[in-house]
Amino acid sequence: MRSTVPVKEQTMICLIVMICLINLADSLLCYQCVATAPNMPCVNDYQGMVNTSLGIGKAYFKNCTAANITWDRCVIVYVEQYGSVQFFNRECHDGKTFQSKIDLPEFHNLPANNETTCGRNYDGQAICFRFCQTDFCNGPQKPPEVEKKSPCNESTMLDYFDDCSAASLLGPGFLMLQLAALVLVLILVF
């Protein structure tokens with residue numbers, strides 16, 4: 001089927017899309033969110049941030065370069081007091097401008113190497129900064145995977161047949177052994 005859009009308009013649309021993509025490619029993209037308690041989504045919503053980086057929603061999305069040309073890095077800032085997170089922030093930053101309450105000499109001229117630097121302010125709060133300069137580098141770490149154990153491995157002889165089906169007892173090792181025996185039989189027969 002032929003397009004009803006004239007060639008001149010198709011060309012213009014293609015140029016606009018290409019310019020948008022080029023601008024996005026030159027931009028620094030960071031996660032953006034704030035938390036005032038340790039278990040809020042900004043601190044630990046790994047899947048939500050993965051979805052943002054994949055373009056599935058924009059809950060945590062920030063185009064730093066488009067918002068402020070001087071923002072050349074992503075940052076994680078957190079403030080702890082009495083062993084508890086009081087403030088947690090993922091954001092864009094210029095590496096030079098700090099709010100007065102968290103402006104400590106150790107934060108000036110920090111490299112954007114994804115390493116955490118901490119200091120204490122006059123209120124005794126621990127303040128930490130981590131700068132980085134690649135797209136979505138200020139995200140959470142992937143949570144550790146929990147190894148799934150079969151309840152059949154924990155069974156005693158008394159409950160062996162009550163809790164475990166025959167299929168779960170066989171497992172992949174048993175199936176590989178059966179496959180190897182079948183191949184050997186075929187080789188011997190033919």
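The structure this text deals with has already been given above.
Residues numbered from 1 in each chain as written. Predicted model: local features only at pLDDT ≥ 70, side-chain atom pairs only at ≥ 80, totals over all residues. Heavy atoms only, no water.

### Some details on the side chain of Thr52
Note that Thr52 resides in helix 3 (residues 46-53). Not counting residues within four places of it along the chain, the set of residues in contact with Thr52 comprises Tyr31, Gly57, Lys58, Ala59, Tyr60, Phe61 and Phe136. (Helix = DSSP H or I, 4+ residues; strand = E, 2+ residues; numbered from the N terminus. Contact = heavy atoms within 4.5 Å.)

### Looking at the pattern of salt bridges
Opposite charge on two side chains permits them to pair, given that their charged atoms come into close proximity. Counted under the stated rule, the structure contains three salt bridges. A salt bridge links Arg73 to Asp72, with the nearest nitrogen and oxygen atoms 3.0 Å apart. Residue classification places Arg73 among the buried positions, given a relative accessible area of 12%. Note that Glu145 and Lys142 form a salt bridge whose closest N and O atoms lie 3.3 Å from each other. Per residue, the accessibility class of Glu145 equals that of Lys142, and both read exposed. (Salt bridge = Lys/Arg side-chain N within 4 Å of Asp/Glu carboxyl O. Buried < 20%, exposed > 50% of the residue type's maximum accessible area, 1.4 Å probe, protein only.)

### Let's talk about the sheet that holds strand 4 (residues 73-81)
Read across the sheet, five strands follow the order 2-5-4-7-6 without closing on themselves; strand pairing throughout is antiparallel. Two strands bound the open sheet, and with one partner strand each, they are strand 2 (33-35) and strand 6 (116-120). Each strand of the sheet is rotated relative to its neighbour by a mean of 15°, with strand direction disregarded. (Pairing = 2+ DSSP bridges. Axes fitted to C-alpha atoms, helices over the stretch in contact; angles between N-to-C directions.)

Geometric values such as these leave the question of function open.
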